Protein chains: 2
Amino acid sequence: MSRGYNVAIAGATGAVGEEMLKILEERNFPVRNLRLLASERSEGKKLQFGEEKLKVEKLTFSSFKGIEIALFSAGAPISREFSPIAARQGTVVIDNSSAFRMDNEVPLVVPEVNPDALRSHKGIIANPNCSTIQLVVVLNPLHNFTRIKRVIISTYQAVSGTGREAIEELKEQIHQWVYGEKIIQKVYPYQIAFNVLPHIGEFSSYGYTEEEWKLVNETRKIMEDERIGVTATCVRVPVFNSHSEVVTLETEKKIEIEKVREILSNSPGIVVRDNLKDNIYPLPLMCAGKDEVFVGRIREDISIDRGINLWIVADNLRKGAALNAIQITELLIKDGLI
Amino acid sequence: MSRGYNVAIAGATGAVGEEMLKILEERNFPVRNLRLLASERSEGKKLQFGEEKLKVEKLTFSSFKGIEIALFSAGAPISREFSPIAARQGTVVIDNSSAFRMDNEVPLVVPEVNPDALRSHKGIIANPNCSTIQLVVVLNPLHNFTRIKRVIISTYQAVSGTGREAIEELKEQIHQWVYGEKIIQKVYPYQIAFNVLPHIGEFSSYGYTEEEWKLVNETRKIMEDERIGVTATCVRVPVFNSHSEVVTLETEKKIEIEKVREILSNSPGIVVRDNLKDNIYPLPLMCAGKDEVFVGRIREDISIDRGINLWIVADNLRKGAALNAIQITELLIKDGLI
């Protein structure tokens, strides 16, 4: 650590925090000093970064002195409490929580989609929700070709989206099942092993969950089009990592399937995996650990004239969280916005 | 076994066949003699029926002599070969395969939806596909209130829909994972444990799978409305039993959510489980072994004016297969059609 930026990770011991650490290293991010912050519970824990072992410090109001970039992934209450303080003293905060996403003063950014939104930042930039990021990476190039009028999303979301304790819960339930023990749930209201739960986030207005509202509202904000109709049903599945989505689109003008394939194949951050004869389609098990958003099952929605069906899969801890936050940071540096 | 009918089950050792045996017993179906038929491989195997152990016989062209009712669940090729022969000699065949479902001469029946279609039967009656049955039980009462114009379905289908060998595959993969062994796939093209596969049935025209076409075509035939727009994406999930479906509807006239709840609550074969505050929604683990189709997450599709979102779960071996076939048979008896 020498040239570069003083970086802090708030929530360093979480599933996303750990991924941030990995990605900073993989991408040779210009780190001068790295400060790992977490709750008191994790104080003193050591995490590997390159060849060093860094000690986790307790997050306090003075944690951000001298810090130029802070990556927050410690939940909305922590972000609400600490990131304005960090921003006020000159730290640029990239916040992975939902705390500021819908704040008009805060850009909500996916670098492939709305990089220019970064120019107006006031110290806090929001990283969108995992299920939204992989969606808009794919929608945006199509939207630029012909306006998308309506989007219907059904998700198949991995337990890593809930956090480390949910990964452990699935593992434990699987072991309990194999050993014939009583299956215990703590994180989810029902058993997640061998089950699917149509319930992600708290229930909110109109019978939608918070996760479903995020898909509705964040998609419109990032794509800068409040008229896009969005509805969603979010479902947790017993998969460790990578979210999958069935997406049905209605476009303003007819767009041929071959054109959809061409556009997506030539768009940044997307890999098209779509060859049915050879059983080629994206799978969560295969997308885990990858940076791109994967698309397959590209075909007409035969129930209407201008409809398209897609199957979209991405690593929710990487592109859906840690990677997107770090890509935002790289873009801030490149454009001289830090 | 005394009064009643001479019944045969073709495919008695399969996952659906075994469920048929169970349901005949549970419902005190009027069986005089029960003949269990399967391939040579299962010949001589014994299956419990009530207090008797019945020997499985090899299915041959002469298996149906004296048989009044034959329940077929041994795959489409077997149905194509044997059921016309059985029907020609006076056996009424209820066929759970896809062999005759789209045949204009063959009624495709869900008793709650189109019982009258049975009146024109010519010896063979088709039992619809699992994912279609649970869908139309719910769509039909709404369709009777105001025409459904379009249906979009994403499925979360259990491995039992593939058959006994797929149930074993999921079990084995889970054990291999726990014991740190190499995970082996034979039935599915990719690992199903901790994964989801957007691929059910062979790939067919327009990039749809056969399972997806079944939802399109069977729904229209059973609901006797060729104009309903249907699109579907069928996904296998690591759940042992019970299929779940996210369903988005567009209706001709606006229908209030409270009205949807009222209609579904008062319709045969449906249980509404929809109380978000108490985390009440249908789950595959809880619907396994039940007869009804369960609906929850009933809410507006906020992306259009006349849209409804639903979450539909049912035991695919029971209502999705064995139970529906036996309910058809009971109706045939009641209406003097056998």
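A short tour of the structure in this document, coming up. (Residues numbered from 1 in each chain as written. Chains lettered and ligands numbered in written order. Predicted model: local features only at pLDDT ≥ 70, side-chain atom pairs only at ≥ 80, totals over all residues. Heavy atoms only, no water.)

### Focus: the overall build of chain A
Phase 1 of the analysis: Per the secondary structure count, chain A includes eight helices and 13 strands.
Phase 2 of the analysis: Radius of gyration (C-alpha) of chain A: 20 Å, near the 20 Å computed for a compact globule of 338 residues.
Phase 3 of the analysis: Expressed along its principal axes, the backbone C-alpha trace of chain A runs to roughly 60 × 55 × 40 Å.
Phase 4 of the analysis: For chain A, with 338 residues in total, the buried portion stands at 62%.
Phase 5 of the analysis: If you take every contact in chain A between residues at least 6 apart in sequence, the share linking residues at least 24 apart comes to 67%. (Helix = DSSP H or I, 4+ residues; strand = E, 2+ residues; numbered from the N terminus. Rg over C-alpha atoms; globule rule 2.2 N^0.38 Å. Buried < 20%, exposed > 50% of the residue type's maximum accessible area, 1.4 Å probe, protein only. Contact = heavy atoms within 4.5 Å.)

### Brief notes about the pattern of salt bridges
All names here are of chain A.
Phase 1 of the analysis: Tallied over the entire structure, the rule returns 56 salt bridges over all chains.
Phase 2 of the analysis: With a shortest N-O distance of 2.8 Å, K319 and E112 are connected by a salt bridge. Taken together, the residues span a long stretch of sequence, with K319 in helix α8 (residues 318–334) and E112 in the loop between β6 (92–95) and β7 (124–126) at a distance of 207 residues.
Phase 3 of the analysis: Via salt bridges that share partners, E19, K22, E26, R27, D291, R318 and E330 belong to a single interconnected network. (Salt bridge = Lys/Arg side-chain N within 4 Å of Asp/Glu carboxyl O.)

### Things to note about the relation of the copies chain A and chain B
Phase 1 of the analysis: The transformation that overlays chain A on chain B combines an axial shift of 0.0 Å with a rotation of 180°, and the residual RMSD is 0.0 Å. Such a combination of rotation and displacement between the chain copies is what one expects of a two-fold axis.
Phase 2 of the analysis: Mapped onto chain B, 100% of the interface residues of chain A again fall at the interface, so both copies present the same surface. (Least-squares fit on C-alpha atoms with pLDDT ≥ 70 in both.)

### Notes on the sheet that holds strand β11 (residues 270–272) of chain B
The strands that make up a sheet are held in pairs by hydrogen bonds between backbone atoms, and each pair lies either parallel or antiparallel.
Residues and elements named next belong to chain B.
Phase 1 of the analysis: An order of β9-β8-β10-β13-β12-β11 is seen for the six strands of this open sheet, with the pairing classed as mixed. Two strands lie at the open edges of the sheet, namely β9 (229–233) and β11, each paired on one side alone. Direction aside, neighbouring strands of the sheet carry axes that sit 25° apart on average.
Phase 2 of the analysis: As judged from the five bridges shared by strand β8 (residues 148–156) and β9, these two strands associate in the parallel manner. In the strand pairing of β9, I152 is matched with T231.
Phase 3 of the analysis: In the packing of helix α6 (residues 257–265) onto the sheet, contacts are made with β11, β12 (293–300) and β13 (307–314), and the angle to β12 comes to roughly 170°. (Pairing = 2+ DSSP bridges. Axes fitted to C-alpha atoms, helices over the stretch in contact; angles between N-to-C directions.)

### Quick look at the packing of helix α1 (residues 15–26) of chain B against helix α8 (residues 318–334) of chain B
All names here are of chain B.
Phase 1 of the analysis: Where α1 meets α8, the closest approach of the two axes is 9 Å, and the angle between their N-to-C directions is 50°. Looking at the two axes, α1 sits oblique to α8. Considering how the two elements wind past one another, α1 and α8 form a crossing that is right-handed. Across the interface between the two elements, V16, E19, M20, I23, L24 and E26 from α1 touch R318, A321, A322, L323, A325 and I326 from α8.
Phase 2 of the analysis: A breakdown of the residues in the contact of α1 with α8 according to their chemical character gives nine nonpolar, no polar and three charged. (Parallel < 35°, antiparallel > 145°, perpendicular 65-115°, else oblique. Left-handed = near helix turned anticlockwise from the far one by under 90°. Nonpolar A, V, L, I, M, F, W, Y, C, P; charged D, E, K, R; others polar.)

### Considering the interface of chain A and chain B
Phase 1 of the analysis: Between chain A and chain B, the residue contacts involve 63 residues of the former and 63 residues of the latter.
Phase 2 of the analysis: Note on chain A versus chain B: buried area summed over both sides is about 5,400 Å², and carbon and sulfur give 66% of it.
Phase 3 of the analysis: Where chain A packs against chain B, one counts eight salt bridges.
Phase 4 of the analysis: Linking chain A with chain B are 35 residue pairs in polar contact (both at pLDDT 80 or more), by the criterion used here.
Phase 5 of the analysis: Listed by contribution, the elements that provide at least two residues to the side of chain A that touches chain B are β8 (148–156), α4 (164–178), α5 (210–222), β9 (229–233), β10 (243–251), α7 (284–287), β12 (293–300) and β13 (307–314) of chain A.
Phase 6 of the analysis: Looking at the side of chain A that touches chain B, the element that brings in the most residues is α4 of chain A, giving six residues.
Phase 7 of the analysis: Of the residues assigned to the side of chain A that touches chain B, the class counts are 38 nonpolar, 16 polar and nine charged. (Buried area = accessible area lost by both parts, 1.4 Å probe. Polar contact = N/O pair within 3.5 Å; in protein donor to acceptor, adjacent residues only side chain to side chain.)

### Describing helix α2 (residues 76–88) of chain A
Residues and elements named next belong to chain A.
Phase 1 of the analysis: With 13 residues, α2 extends 18 Å between its outermost C-alpha atoms, agreeing within 8% with the 18 Å of an ideal straight helix rising 1.5 Å per residue.
Phase 2 of the analysis: Taking the largest bend as the criterion, α2 deviates by roughly 35°, centred on F82, and proline P84 comes between one and four positions later.
Phase 3 of the analysis: Within α2, the full set of buried residues consists of A76, S79, F82, S83, A86 and A87.
Phase 4 of the analysis: Structurally, α2 contributes buried residues whose contacts are with β5 (69–72), β6 and β7.
Phase 5 of the analysis: Just beyond α2, the residue with positive phi is G90, at close to 100°. (Expected span 1.5 Å × (residues − 1). Bend = angle between axes of the 7 residues up to and from the residue.)

### Details of the pairing of β6 of chain A
Consecutive side chains of a regular strand alternate in pointing toward one face of the sheet and then the other.
Residues and elements named next belong to chain A.
Phase 1 of the analysis: Residues V92 and I94 line one face of β6 and the alternating positions V93 and D95 line the opposite face, and both faces are buried.
Phase 2 of the analysis: By the bridge criterion, four bridges tie β5 to β6 in an arrangement that is parallel. Looking at β6, one finds that L71 is bridged to I94.
Phase 3 of the analysis: Since β5 and β6 lie parallel, the crossover through α2 that links them has a hand, and here it is right-handed.
Phase 4 of the analysis: One ladder, built from three bridges, connects β6 with β7; its direction is parallel. Paired with V93 across the bridge in β7 is I124. (Right-handed = clockwise from strand over helix to strand, strands pointing away.)

### Side note on the sheet that holds strand β11 (residues 270–272) of chain A
Residue and element names in this part refer to chain A.
Phase 1 of the analysis: Taking strand neighbours across the sheet as the criterion, the six strands line up as β9-β8-β10-β13-β12-β11 in an open arrangement whose pairing is mixed. In this open sheet, the two strands that pair with only one neighbour each are β9 and β11. Ignoring which end each strand starts from, the neighbouring axes of this sheet average 25° apart.

### Re the packing of aromatic side chains
Phase 1 of the analysis: With the rule as written, the count across this model stands at 21 aromatic pairs over all chains.
Phase 2 of the analysis: Consider the rings of W177 of chain A and F240 of chain B, whose centres lie 5.5 Å apart with planes at 20°: the pair is stacked. Within this pair, whereas W177 of chain A is found in helix α4, its partner F240 of chain B is found in the loop between β9 and β10 (243–251), the two belonging to separate chains.
Phase 3 of the analysis: Consider the rings of Y206 of chain A and W213 of chain A, whose centres lie 6.1 Å apart with planes at 70°: the pair is edge-to-face.
Phase 4 of the analysis: The exposure class assigned to Y206 of chain A is exposed, which follows from its relative accessible area of 53%.
Phase 5 of the analysis: Among the aromatic residues, those joined into a cluster by ring pairs are Y156 and W311 of chain A together with Y156 and W311 of chain B.
Phase 6 of the analysis: The cationic tip of R299 of chain B hangs over the ring face of Y208 of chain A; the distance from NZ or CZ to the ring centre is 4.5 Å. (Phe/Tyr/Trp six-rings, centres within 6.5 Å; stacked < 30°, edge-to-face > 60°. Lys NZ or Arg CZ within 6 Å of the ring centre and 35° of its normal.)

### Structural notes on the packing of helix α3 (residues 130–145) of chain A against α8 of chain A
Residue and element names in this part refer to chain A.
Phase 1 of the analysis: Packing of α3 against α8 brings their axes to within 8 Å, and their N-to-C directions diverge by 85°. For the element pair α3 / α8, the angle class is roughly perpendicular. Of the residues in α8, those in contact with C130, I133 and V137 of α3 are K319, G320, A321 and N324.
Phase 2 of the analysis: Residues belonging to the contact of α3 with α8 are distributed by class as follows: four nonpolar, two polar and one charged.

### Concerning the side chain of T231 of chain A
Phase 1 of the analysis: Along the polypeptide, T231 of chain A turns up in strand β9.
Phase 2 of the analysis: Residue T231 of chain A is classed as buried on the basis of its relative accessible area of 1%.

Without other data, these values stay purely geometric and don't point to any function.
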